[in-house]
Structure formats: C-alpha cells, structure tokens
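What the coordinates show
Now for the letters of each chain:
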Amino acid sequence: MTEIFTVKTQAFLDQKPGTSGLRKKVKVFQPPHYLENFVQSIFDSVTIPPNSTLTLGGDGRFYNRVAIQVIIKMAVANGFTKVIVGQGGILSTPAASHIIRKYQTLGGIILSASHNPAGPDEDFGIKYNTANGGPAPEKITEAIFAKSKTISDYKVADFSDVNIDQLGETNFDGFSVQVIDPVADYADLMMSMFDFNAIKALFETGFSMKFDAMHAVTGPYAKEIFVNRLTAPENSLMNCEVSETFGGGHPDPNLTYAHELVEQLYQANAPDFGAASDGDGDRNMILGNHFFVTPSDSLAIIAANAKLIPAYQQGLAGVARSMPTSGAVDRVAKKLNIPCYETPTGWKFFGNLMDADKVTLCGEESFGTGSNHVREKDGLWAVLCWLNIIAAKKMSTEAIVKAHWAEYGRNVYSRHDYEAIPTEAASGVLQHIKAQFDSLPNQTFGKYTVKTCDDFSYTDPIDGSISTGQGIRILFACGSRIVFRLSGTGTEGATLRIYLEAYEPDVSKHHLDAQVALAEMIEIALKISQLKQRTGCDKPTVIT
Ligand code: VG1
Ligand code: CO
C-alpha cells in the first residue's frame, strides 16, 4: 500500500493568487511547506470525485521539476487516481488547456510565471485550471486564498520520484502516472483547424518567417509545427531550446523584451513575417517586414478574416475583449452583426462566454489572443491565424493591416508601463485620479473634453458574479480613452499601466507613429495622474 502522510503546517498569509495564479520569487516557494500549502489549498477548494485525473505541466522554468514531483505525490494523497504529465514536466498553457479538455480531466495545475524571468533568484508560479480547460474563476481562487490562510495540515503520498522523462504510463498501487508527449496532441489540434496545405505552399514560394520562442516553452511546439509539419526551413526559428533560466531573458513578446527579433524584422533584407511567444506560450507578438501589429488590431483583423480559416468557416458566434483592449474589434463585430463583450483583464472572464457559446474569438491588448478551441489564450494559434490569412489573401502583413484601417478606421493605441515602482506611490496615483471623479467630467484639455470617468466593474452575463475595481477609465466625448490600472502579475513593487486610445477615421493620418498620434493624450494622462511627481519616474519602462 502506498502510505499517505498528513503533515502539520502553518499558514503563510501571502498566498493571494493574482491575474493568473500565484507568482512569487523561487526563494519564497522553496522553504518547507510553502508550495505544499498552496497545492493543498487548491485541492481543498475543489471536489475530487472517485477516478479523477489531474493534468500537470509547466513552462520548464527553474523549480518546475521539483514542484512536479511534490504535486504528483500530493495529488495521489488527495484522491486523484491518475496524473497526466507532460514529458520533462513541459506543457505550454494552451496545450495544458487542450489536454484537460481532450482527456476530460478534472482540472490541471500549470507551473508558470509566464513572462516573468526564471532562475534561482527569479520567479515561479502556479495556477489551477478547471475541467473546461480555463483558469479557475474568482470564486475558486478566492476559496483557495481563504483556505491558505487557515491551513493546518496537508497530505502527501510516500513513493519515490516518478521518471517524467520517459513516455508511457506507470501503474502504482491504486493510481497511475502517464507521461505524454507535450506537443503531439496540440499540434494535431492546430492541424485540424488551419489550412496547413496553404501555409506549406506559402513557405514554398520563399515566404520567410522568423519565430522567436525566447528560450521558453514554445520552442518544441514551434519545431514540430513550423519545421516538421509546415516544412519551414530550420532557420525560421530562433531561441527554441527551453532553458531553465529562459536564457537569462524576460520572455515577454513586446518591442522592448523581444528586441532581438524586432531588430531582425527592421534590418535590410528582413524576413516577411516575424512572431514571438511568451514564457508559457499563451501570448504572441506579430510583426511584418518593418512593421509592428498592435495586439488590439491583431484581434480585430483575425475576427474580420476568420472565414478564411477552416475552423471558423461558419463564422463567429461573437467576440470579446478585455476592457483596456482597443475598440477595433468592436467595429468588426458591428459590421459582422455579432455581439461584442467587454470583460476585465485576465483570461478567466472569457471562459463563461465561450462555454455558453456566446463568443468564438477573444483577446487582450497585452498580446493575448485566442478562441474557443481551448480556454486559454494561445500564442502559436495566433501565429497560425496570421499565416493562414496571409496565405489566403496573398498580401503582406503591412498591407493587410493598412487595408483593415482603410475599411474600419484606425483605433490608434498604446500602453505605457511603469514597472517596479513603490506600491504606495502607485496607489497614491490611483487615489489622486479617483478624487477627481466629480470634477473631471466636462473639463476640456486642448481638443479633448472628458465625458465620464469610473472604476470599471463587470457583471458576468452568464453567472451574474460581479468584479469591481478593474481599472480607472477616463472617457472623452470624441470616443478617445485613457485607462489606468495596476498589474496583478508583477512580483516587485507595483506596475502601473496606462492605456491610451484615440480613433482616427482619416486615412491620410494612418501612417503616423502611435506615440506621435497620441502625444496629446499622453500629456493629459500625466497631468491628471501627477504620475511623474508622485512616482519620480520620468518615462515608462515599456512602451507598446
Ligand atoms: C498581464 C496582462 C493581462 C494578462 C496577464 C496574464 O496582467 O495585462 O492582459 O491576462 O498578464 O498573462 P497584469 O495584471 O500584469 O496587467 V500571462 O501571459 O502572464 O499568463
Ligand atoms: Co503567458
């Protein structure tokens, strides 16, 4: 008989899950009982019926392997009869979502801190996904947090470490562990959705691509899909070996952190197309030759051209975007005469809409796009959407975007991040803006007049749950917007994000750089927030 031990423990009071799970420094996770307390709090917050299976995998960062062994033993002790684990402990976030759905497992634990740097002195993270394949809803994450504050013991089974590098199923006494190929099921799903023959033919014409996995989890997926199945040349890939430290980098696919790729796309003889994915494979950046596609535009363009992709040939039930994401997709929805939902930041809010078949596509300004094929955002899926659309339209990335703007007008958009600023200064900025909620409406700044301002709250149309405090919105009479929001994924101080949007119907201004086009809005944002005075920062850390 496998022995089950109950271990006495004491609560750590800081285990509050953020936008996507619990993220802390590895050093915080390492002391005895820290990881175990959180895992037990997860298991105590869900009902585990007999014969339940758990999906388990992570982005391959430092501490992934250690945590996987702990979680396997705790899952067995808590009544799971099977654990499906990705070989080497690897599963990208969208692949994990697919595995949960395909094999109908009770849920999954994904070990990732996404784009946060990895290594012994960097970050680790853990999140729980439910049976629909999506991130646990707030009701569950709140229960996990509450549990973690009162926990007094946890359960762990006594057996030696499982070999997670060897494919196959091992039967133990009353339970089994199945090590699966982390890529195959996901690659098959992609093949069933896209026109692989058309994309192959595109590569055969000499169309060139550069995909940057940023040393993180999508490397093996990209090799299988782009090189093995789509016959793109090997040199289409860069940084595709998963490293425990993510090569010492910060796998956030944006213009700042993916600069190695950006430089290649902006050099002479640049490839036709460029893309990058983040640490856990759920986000993406799309580039053309000397051209950057804003994520909000990417969502709108995929929606507008969805019928060119076999999986969406029948059209879309609806679309959804997070509140700070630009309204570009709203214009497409209007034209297609389908509903468009506005949710708070974070993928968990899209799940209910997709489960109820209200939406097919959804996305966030933060380089996250996805559809109802899984219940997570999906980086490689977005890249395949673009390749499929390019193959079908026979136009360049830039030409596709410009044609879209000409048809719909351009929602000029930018996000300014102020990272790792003192927490007090950051909340001071938000308090200062909120204190002006009564006086701002009707105030005029240059050509912009404030119409309304509020702190965004959302009532889920499916289950009626309410989420408040989701970001401060200042809406102008002309339809432009400024949004201020604190990040829920950082682990150092606070990160304040300012989202800026202005609608430009005039084609003759579409060539303008977003920072130039938004210069006046940026000034207004700084003025209303007193950001410089209150934080001492004179410029953003990241501009997108
Ligand atoms: C950020 C993004 C948000 C995204 C989240 C998780 O959150 O803004 O849109 O859903 O990261 O993405 P925040 O709270 O820092 O703004 V990932 O790739 O870290 O799973
Ligand atoms: Co991610």
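Scroll up for the structure.
It should be emphasised that the depicted structure is a prediction, and the values quoted were computed from it without experimental measurement. Every chain is numbered on its own, with residues counted from 1 as its sequence reads. For this description, chains carry letters from A and ligands carry numbers from 1, given in the order in which they are written. Residue-level local features of this predicted model are given only where pLDDT is at least 70; pairs of side-chain atoms are given and counted only at 80 or more, and the full residue set underlies all totals for whole chains, interfaces and linings. Values reported for side chains reflect all heavy atoms of the structure, with hydrogen atoms and water molecules removed beforehand.

Details of the overall build of the chain
Helix and strand labels come from DSSP, where a helix needs a run of H or I of at least four residues and a strand needs a run of E of at least two; each type is numbered from the N terminus. Helix and strand content of the chain: 18 helices and 27 strands. Against the compact-globule benchmark of 24 Å for 544 residues, the chain has a radius of gyration of 23 Å, which places it among compact chains. In terms of principal-axis extent, the alpha carbons of the chain reach across some 75 × 60 × 40 Å. Residues counted as buried form 59% of the 544 residues belonging to the chain. The contact definition used throughout considers only heavy atoms, calling two residues in contact when any of these lie within 4.5 Å. Excluding contacts between residues fewer than 6 apart, the proportion of contacts in the chain whose partners are at least 24 apart in sequence is 73%. Carbon and sulfur atoms provide 50% of the accessible area of the chain, an area that totals close to 20,600 Å². Both definitions apply: the radius of gyration is a C-alpha atom measure, and the globule rule equals 2.2 Å times residues to the power 0.38. Relative accessibility decides the category of a residue: with a 1.4 Å probe and only protein chains considered, values under 20% of the type maximum give buried, values over 50% give exposed, and everything between is partly exposed. The Shrake-Rupley method, run with a 1.4 Å probe, gives the accessible areas here. Residue values count only the displayed protein chains as cover.

Focus: the pairing of strand β19 (residues 410-421)
Working note: regular strand, side chains alternate between the two faces of the sheet. With respect to burial, β19 is a largely interior element, ten of its twelve residues being buried. Both β19 and strand β27 (residues 542-543) contribute to a ladder of two bridges, which runs antiparallel. Bridge pairing in β27 links H416 to I543. Note on pairing: DSSP must find at least two bridges between two strands before they are called paired.

Overview of the sheet that holds strand β10 (residues 209-212)
Strand order in the open sheet formed by five strands is β11-β10-β12-β13-β14, and the pairing between neighbours is mixed. Whereas interior strands pair on both sides, the edge strands pair on one side only; in this sheet they are β11 (237-238) and β14 (291-293). Alignment of strand β13 (residues 284-288) against β14, held across three bridges, turns out to be antiparallel. Note on β14: the bridge partner recorded for I286 is V293. Each axis is a line fitted through C-alpha atoms, and for a helix only the stretch in contact is used; angles between axes span 0 to 180 degrees, taken between their N-to-C directions. The strands that helix α14 (residues 397-408) touches are β12 (273-277), β13 and β14; relative to β14, the one it contacts most, it runs at about 55°.

Quick word on the site of ligand 1
Taken together, 20 residues surround ligand 1, and among them R283, S366, S487, T489 and R497 come closest. Separating an oxygen atom of ligand 1 from a side-chain N or O atom of H115 is a distance of 3.4 Å. Two N or O atoms count as a polar contact when they lie within 3.5 Å, although within protein this holds only if one can serve as hydrogen donor and the other as acceptor, and sequence-adjacent residues are included solely when both atoms are side-chain atoms. Here an oxygen atom of ligand 1 sits 2.6 Å away from a polar atom, N or O, in the side chain of S366. Each residue is assigned to one of three groups, with Ala, Val, Leu, Ile, Met, Phe, Trp, Tyr, Cys and Pro labelled nonpolar, Asp, Glu, Lys and Arg labelled charged, and all others, Gly among them, labelled polar. Per-class residue counts for the shell around ligand 1 are no nonpolar, ten polar and ten charged. Only heavy atoms are used to decide nearness, and a residue is near a molecule or strand if one of them lies within 4 Å of it.

Description of the nonpolar core
Across soluble globular proteins, nonpolar side chains have a tendency to be buried as a group. Ranked by internal contacts, the top residues of the largest apolar core, which has 70 residues, are F211, F226, W381 and L387. With eleven residues, the single largest contributor to this core is helix α13 (residues 379-393). Excluding anything up to four places from it in sequence, F226 contacts M209, F211, T231, A232, L237, L380, V383, L384 and L387. Side-chain atoms within 4.5 Å link the members of a nonpolar core, which is a set of buried Ala, Val, Leu, Ile, Met, Phe, Trp, Tyr and Cys residues. In terms of nonpolar packing, the next biggest core, distinct from the first, is built from 42 residues, V83, L111, F159 and V162 among them.

Overview of the coordination of the cobalt ion (ligand 2)
Those donors, S114 (OG), D278 (OD), D280 (OD) and D282 (OD), are the protein atoms that reach the cobalt ion (ligand 2), and they lie 2.0 to 2.1 Å from it. For Na, K and Ca the donor cut-off is 3.2 Å, and for all other metals it is 2.8 Å, counting N, O and S atoms only; because water is absent from this set, sites may look incomplete. Read in sequence order, the donor residues coordinating the cobalt ion (ligand 2) give the pattern S-x163-D-x1-D-x1-D. Residue S114 is located in the loop between β5 (107-111) and β6 (123-129), and its partner D280 is located in the loop between β12 and β13; the two are separated by 166 residues in the primary sequence. Here the two residues S114 and D280 agree in accessibility, since each one is buried.

A few points about the environment of A232
Relative to the helices and strands, A232 resides in the loop between α8 (218-229) and β11. The exposure class assigned to A232 is buried, which follows from its relative accessible area of 4%. Expressed as a C-alpha distance, the spacing of A232 and L202, which sit 30 residues apart in the sequence, is 9.4 Å. Once residues lying within four places of it in the same chain are set aside, the contact partners of A232 are F203, F226 and V227.

Remarks on helix α5 (residues 138-150)
The span expected for a helix works out to 1.5 Å for each residue beyond the first. Here α5 is 13 residues long and its end C-alpha atoms lie 19 Å apart, about the 18 Å a rise of 1.5 Å per residue gives. For α5, the complete set of buried residues consists of I140, T141, I144, F145 and S148. Looking down the long axis of α5, one finds its buried residues gathered within 140° of arc, a one-sided arrangement. Within α5, the exposed residues directed more than 90 degrees away from the buried face are K139 and T150. The elements touched by buried residues of α5 are α2 (34-45). This arc is built from the directions going out from the helix axis to the C-beta atoms.

Here we look at the side chain of S277
Residue position: S277 is located in strand β12. On the basis of relative accessible area, S277 is assigned to the buried category, the value being 0%. From its side chain, S277 meets the backbone oxygen of R283 in a polar contact 2.8 Å long. With near-sequence residues (within four places) excluded, S277 lies in contact with F211, D212, A213, M214, T218, P253, R283, N284 and G379.

With respect to the sheet that holds strand β15 (residues 319-322)
Strand order across the open sheet formed by four strands is β16-β15-β17-β18, with mixed pairing between neighbours. Two strands close off the open sheet at either side, each with one partner strand: β16 (340-343) and β18 (368-371). The mean angle between the axes of side-by-side strands here comes to 15°, regardless of whether they run parallel or antiparallel. Looking at chain direction, β15 and strand β17 (residues 361-364) are connected through three bridges and run parallel. Pairing of A320 across the sheet is with C362, part of β17.

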